[in-house]
Structure formats: C-alpha cells, structure tokens
Amino acid sequence: MLSALQSIAPIGWKGPLLLTTVGSAILVGLAFWCDPWLKKHLGTTALLLILCCSYGYGAGVKVNALLDQSTPRKYRVIVTGKNVSHGKSTSYHLNLAPWGPNVNGQNLMVSYSQYAAVKTGDTVCMLLRSGALRVAWSELGRCDDAVT
C-alpha cells in the first residue's frame, strides 16, 4: 500500500473505496474458497477481510495504474510547501496549489529525491490519467509542454 501511495495519487474517494472493497473481497474470497478452516471460523474470516483492506487498496490502485493506457493531461502546479513526517518510517510530502480536479490543493507523498529536487515556490507537473479501472489518478511527471 505504501508503494502505491508514494507514486500514485487516486482522485476522489469513491473509486479507491471501490477498489479497496473489491480487492480485499477477492483476496479473502480466494482464501475462504481454498481453506476449509476459514469456513468454520467466520469471525476470523471477517477480521481477515478488514486486515486485507490495505492489500486490496494497494493492489487495486497498482492494477488501475499499470494497465492504464490513457493519454495523460498535464498541469503545471506551484509547490506551496514541503513537510517531512517521522514515525516508523520517514515520508516526504509536497503541498501543491489547487489544480485540475484537486480544487483544494493536494498533499502529495513523494520520494526523497523528488522532495529534495524542488523548493517551495517551484513549479512541478502533475499528470492526470483516467485509469484502466476508471478510477482517475495522478502522478508527479515531467513538465515538457504542460498546460495550466
């Protein structure tokens, strides 16, 4: 899931929620079908369904992006701030001005190299794609011939 979050930013919440639900249901459904023990322990199966949500989300978002053949729409976006989150791991975030479907701006998790390469006030480019599973998503991209 963290890998998906770092490179792929789904747009909205309904599509990712559907991917999470379907992905985790498929994972647990296959386990339920293959393992007779789970059929006797429905409480464990329900707990497994909840625990598999992050895997369902990550798998769904990755499949949606990897199979996407759409032409990206490019947007030039101003970096309004940067921040680092510390916990069990360190994550790097860029705060972006409003752009395209993100009318309130966006807090984008990026790799350290992407974080270090830009400063507040710089312009970056966001690529907006429609998604193979029709869940729109964006990623940080190159700025050649971008629109605003």
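The structure displayed is predicted, hence computed values, not measured ones.

Engineer: Please clarify how the overall build of the chain should be interpreted in this entry.
Structural biologist: A tally of helices and strands in the chain yields six helices and six strands. When its helices and strands are written in sequence order, the chain yields α-β-α-α-α-α-β-β-β-α-β-β. Considering only C-alpha atoms, the chain reaches an extent of 60 × 35 × 25 Å along its principal axes. Taking contacts inside the chain between residues at least 6 apart in sequence as the whole, the part at least 24 apart equals 60%. As displayed, the chain offers around 9000 Å² of accessible surface, 62% of which is attributable to carbon and sulfur atoms. Once the 13 positive and 6 negative side-chain charges of the chain are each reduced to a mean point, those two points are 6 Å apart.

Engineer: When you look at the nonpolar core in this model, what are you seeing that I'm missing?
Structural biologist: A general trend in soluble globular proteins is that nonpolar side chains are found buried together. By size, the foremost hydrophobic cluster in this structure holds 16 residues, and its most contacted members are Val77, Leu94, Leu96 and Trp99. Mapped by element, the contributors of at least two residues to this core are strand S2 (73–86), strand S3 (90–96), strand S4 (106–110) and strand S5 (123–129). Ignoring anything within four residues of it in the chain, the contact list for Leu94 reads Val79, Gly81, Lys82, Gln106, Asn107, Leu108, Val110, Tyr115, Val118 and Leu140.

Engineer: Help me out: how do you make sense of the packing of aromatic side chains in this one?
Structural biologist: A ring pair, where both rings are aromatic, is described by two values, the distance of the centres and the angle of the planes. For the structure shown, the criterion picks out three aromatic pairs. With a centroid separation of 5.2 Å and an interplanar angle of 55°, the aromatic rings of Tyr75 and Trp99 are classed as tilted. Of this pair, Tyr75 sits in strand S2 while Trp99 sits in the loop between S3 and S4, placing them 24 residues apart in sequence. As far as burial versus exposure is concerned, Tyr75 and Trp99 are alike and both buried. With centroids separated by 5.2 Å and ring planes inclined at 45°, the aromatic side chains of Tyr92 and Tyr115 adopt a geometry described as tilted. Note that Tyr92 is positioned in strand S3 and Tyr115 in helix H6 (residues 112–117), a separation of 23 residues in sequence. For the pair shown, Tyr92 and Tyr115 are each scored as buried. The ring centre of Tyr115 lies 4.2 Å from the NZ or CZ of Lys82, which sits over that ring.

Rules used in this analysis
Residues numbered from 1 in each chain as written. Predicted model: local features only at pLDDT ≥ 70, side-chain atom pairs only at ≥ 80, totals over all residues. Heavy atoms only, no water. Helix = DSSP H or I, 4+ residues; strand = E, 2+ residues; numbered from the N terminus. Contact = heavy atoms within 4.5 Å. Areas by Shrake-Rupley, 256 points an atom, 1.4 Å probe, with all protein chains shown as cover. Lys, Arg positive; Asp, Glu negative; His and termini not counted. Charge placed at Lys NZ, Arg CZ, Asp CG, Glu CD. Core = buried A, V, L, I, M, F, W, Y, C linked by side-chain atoms within 4.5 Å. Buried < 20%, exposed > 50% of the residue type's maximum accessible area, 1.4 Å probe, protein only. Phe/Tyr/Trp six-rings, centres within 6.5 Å; stacked < 30°, edge-to-face > 60°. Lys NZ or Arg CZ within 6 Å of the ring centre and 35° of its normal.

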